[in-house]
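Report on the structure
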Amino acid sequence: MKKLLAMILSLILVLGASAACAEGITIRFSTQNVPESAPYIGMEAFKSTLEELSGGEISVELYHSGSLYAADAEYDAISNGDLEMMLTDQYWLMDYMPYMSTLTAGYIFKNYDHMNAVLNGEIGERLYEDVAATLGLRPLGACYFGSRVLSFRKGLGKTVETPDDMAGLTFRMPGTTAYLFLGEALGANPTPLALGEVYLALSTGTIDGQDNPLVMLDSNKFYEVTESITLTNHTLSSVWPAISEDFWQGLTEEQQGWIREAADAMIAACDAYVLNQEATLADSFRDMGITIIEPDIDLWMEHVQQYYLSNEEMTSTWDMDLYNEIVALVK
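Quick summary incoming for the structure in this document. (Residues numbered from 1 in each chain as written. Predicted model: local features only at pLDDT ≥ 70, side-chain atom pairs only at ≥ 80, totals over all residues. Heavy atoms only, no water.)

**So, the packing of aromatic side chains**
Going through the model one piece at a time under the given rule, you end up with 13 aromatic pairs. Measuring from centroid to centroid gives 4.2 Å for Y91 and Y179, while their planes differ by 5°, and the two rings are stacked. Highlighted residues: Y91 in helix α4 (residues 90-93) and Y179 in helix α7 (residues 177-185), separated in sequence by 88 residues. Here the aromatic rings of Y128 and W240 are separated by 5.3 Å at their centres, their planes lie at 65°, and the arrangement is edge-to-face. With Y128 in helix α6 (residues 122-135) and W240 in strand β9 (residues 226-244), this pair connects stretches of sequence that are 112 residues apart. (Phe/Tyr/Trp six-rings, centres within 6.5 Å; stacked < 30°, edge-to-face > 60°. Helix = DSSP H or I, 4+ residues; strand = E, 2+ residues; numbered from the N terminus.)

**Some points on the side chain of Q277**
By the secondary structure assignment, Q277 is in helix α11 (residues 253-287). Overall, Q277 belongs to the buried group, its relative accessible area being 15%. If we ignore the near neighbours within four places in the chain, the residues touching Q277 are V215 and D218. (Buried < 20%, exposed > 50% of the residue type's maximum accessible area, 1.4 Å probe, protein only. Contact = heavy atoms within 4.5 Å.)

**Regarding the environment of K158**
Looking at the secondary structure, you find K158 in the loop between β5 (143-153) and β6 (170-173). Residues K158 and V34, spaced 124 residues apart in sequence, show a C-alpha to C-alpha distance of 33 Å. Apart from the residues within four sequence positions on either side, K158 is in contact with D165, L169, E227 and S228. Looking at K158, its side chain comes within polar contact range of the main-chain oxygen of D165, at 2.7 Å. (Polar contact = N/O pair within 3.5 Å; in protein donor to acceptor, adjacent residues only side chain to side chain.)

**Re the nonpolar core**
Residues F46 and M166 are the most contacted members of the largest nonpolar core, which totals 101 residues. Examining the composition of this core, we find that 11 residues originate from one element, α11, more than from any other. With residues up to four places along the chain from it excluded, the contact list for F46 reads F29, V60, M85, I259, A262, A263 and M266. (Core = buried A, V, L, I, M, F, W, Y, C linked by side-chain atoms within 4.5 Å.)

**A look at the pattern of salt bridges**
Within this structure, the stated rule accounts for 9 salt bridges. For E51, the salt bridge is made with K47, and the minimal N-O distance between the two is 2.9 Å. With E51 and K47 both in helix α2 (residues 38-53) and 4 residues apart, this pair spans about one turn of that helix. Exposure remark for E51: the relative accessible area of 24% places this residue in the partly exposed category. Of the residues examined, K47 reaches a relative accessible area of 28% and is grouped as partly exposed. The partner of D283 in a salt bridge is R286, and the shortest N-O contact between them spans 2.6 Å. (Salt bridge = Lys/Arg side-chain N within 4 Å of Asp/Glu carboxyl O.)

In structure tokens, the structure reads:
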């Protein structure tokens, strides 16, 4: 009788394990970005790569446009175990880990290759381990989201070639301390405004200009109300696909390897899309009649970096060893 009960119990355990295997693992991946955006294009590559590598053992559900969680609810959902993945970056992380503000400095990244070497190299790996240990959220790398440039409304009647030309202009920036300070460093009078309100504000003259990557000027149709664009490339934007650390630690090494390969595929797809767009959009906008200014980048870089380094309040949270390590890497 005891042997029979043992056999039945073993059979139940085997069937239970088989059922769990058959059910597989589901990763819910949330973003505020729209389907046409570079990050979401990257997320689609993540999904297809992971599902193929795992042979269907891991499935990925993508949620765009904040359809699953609003931006301010994603991290809570991660913490509560209701969400497995989200996108993050240094601007969000600095509210929890102040030294991340180091990475928000204008011109800290000189170009795409420099940014990629930092955020997808040894420095990035060290930062991501710290984020995982501190917040229970593990970034898997950084996707390029474009170089931010300055654009100005129709009817402004002037072009901007130097920081001095920004004086007196009402300039929209995202509503965070780091971005508003960057607006000051660029020489403008920065004002916070939601992205969804920028088009109307440019068309009515409520603001004189705004900053965003060229791909955002295209996807949000800001070019329709733009007179000139100055290619300052003052900040290289990135988004970091991040996974719940609790969920991550519950995976096998093989499963973690699949996810890392999928994250690499996401980065490659997103970066390729943005770089291709940046290579052609300036000329496309020029063909529309928009004036394209290619300024002296060294002049802007010197002005902006000096503004940061002379402000002790802004740099008080910086990790200066990290800052110097990043600056040295470009050399």
